[in-house]
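# A look at the structure
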Amino acid sequence: MQTNTEQQALIKQLNVIDDVFFHKITEDKAVCEEILQIILQKPKLKVIDAQAQRFLRNIGAHSVILDLLCEDEDGARINVEMQKTDDDDHVKRVRFNSSNIDTAFTEKGLDYKDFPDIYVIFISKFDMFLEGKTIYHAGIFLRETGTIINDGIHRIFVNCAVDDGSDIAELMQYFKNSTGKNNKFPKLSDRVSYFKESKEGADAMTQVVEEYANKKVLERDKETAKLFLQNGASVELVKKSIPTLSVEFIEKLNLQLTTVEQ
């Protein structure tokens, strides 16, 4: 358990790109609406429902927790995901999330033409495609002619690594360094200031701070395990030295490192 001073210091370090802080920030529907209006470039978009950490259960299959799931006034479902590390196939993660949303929220007997649109917005600290853009819109098209096919799934990748001077890029820079007031997104920056600068906000952040501290410790332990394995330590020695990590994780990490070396 951290002291009050330590907790305040941790809160000051938090940014919107940190998922534990993002979940707290997006408990406010008006903030979600403001973020989506900027990213989707729809200044009149209205959010009628917003749920942070929405759990979608799949019986007998892989379930998923969505960082944020919103519904707009047209019935479209909008999923926003946050990612700081490039450690998986995130394109397939977007595919999986969209399919789960379809399954969970499409009414039985609904004609295909009446399926609601789905937006999956993937926000990352890194430029996933290394094409030098702040935002990428991915879709399907006919390879032979280039004709775009609209299947109602909107796959949008946004990153904090590229600053092209746009409002979206400015929003992403604020996600990465969340301090002070920004008049372009007042609701978001006001909520950030509430948690970082007011006693009431800091008190509400107690659980979030604990989660953040534990996550930082886990990230540190993972990096330490990586160094151990790179220097020839056995899986058994790493497990003994770093009991917070599971044998399964250490074995997977060791396999990844071995594959890269080959």
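Keep in mind that this is a model prediction, so the values were computed, not measured.

It is worth spelling out the packing of aromatic side chains at this point. Note on aromatic pairs: each is described by the distance of the centres and the angle between the planes. Using the criterion set out here, one finds eight aromatic pairs in the structure. Centroid distance F122 to F157: 6.1 Å. Interplanar angle 55 degrees. Geometry classified as tilted. Taken together, the residues span a long stretch of sequence, with F122 in strand β4 (residues 118-124) and F157 in strand β8 (residues 153-159) at a distance of 35 residues. Residue classification places F122 among the buried positions, given a relative accessible area of 1%.

Turning to the sheet that holds strand β1 (residues 47-56), a few remarks are in order. Taken together, six strands build an open sheet; the order of strands is β1-β2-β3-β4-β8-β5 and the sheet is mixed. Each edge of the open sheet carries a strand with a single partner, namely β1 and β5 (135-138). Each adjacent strand pair in this sheet contributes to an overall mean axis angle of 20 degrees, direction not counted. Where helix α4 (residues 90-105) meets the sheet, it contacts β1, β2 (64-72), β3 (77-83), β4 and β8, and its direction lies at approximately 150 degrees from that of β3.

Let us now look at a negative patch on the surface. On the surface, D86, D87, D88 and D89 cluster together to form a negatively charged patch. Here D88 shows up in the loop between β3 and α4.

What follows deals with the nonpolar core. Formed by 42 residues in total, the largest nonpolar core has its most connected members in L36, I121, I123, L171, F175 and L188. Here this core gets six residues from one element, more than from any other, and that element is helix α3 (residues 29-39). The residues contacting I121, other than those within four sequence positions of it, are L36, I39, L40, I78, N79, V80, E81, I156 and V158. F105, V120, F122 and F126 belong to the second-largest nonpolar core, a separate cluster that totals 15 residues.

Basis of the calculations
Residues numbered from 1 in each chain as written. Predicted model: local features only at pLDDT ≥ 70, side-chain atom pairs only at ≥ 80, totals over all residues. Heavy atoms only, no water. Phe/Tyr/Trp six-rings, centres within 6.5 Å; stacked < 30°, edge-to-face > 60°. Helix = DSSP H or I, 4+ residues; strand = E, 2+ residues; numbered from the N terminus. Buried < 20%, exposed > 50% of the residue type's maximum accessible area, 1.4 Å probe, protein only. Pairing = 2+ DSSP bridges. Axes fitted to C-alpha atoms, helices over the stretch in contact; angles between N-to-C directions. Contact = heavy atoms within 4.5 Å. Patch = residues over 30% accessible without salt bridge, like charges linked within 9 Å, V, L, I, M, F, W, Y side chains within 5 Å. Areas by Shrake-Rupley, 256 points an atom, 1.4 Å probe, with all protein chains shown as cover. Salt bridge = Lys/Arg side-chain N within 4 Å of Asp/Glu carboxyl O. Lys, Arg positive; Asp, Glu negative; His and termini not counted. Charge placed at Lys NZ, Arg CZ, Asp CG, Glu CD. Core = buried A, V, L, I, M, F, W, Y, C linked by side-chain atoms within 4.5 Å.

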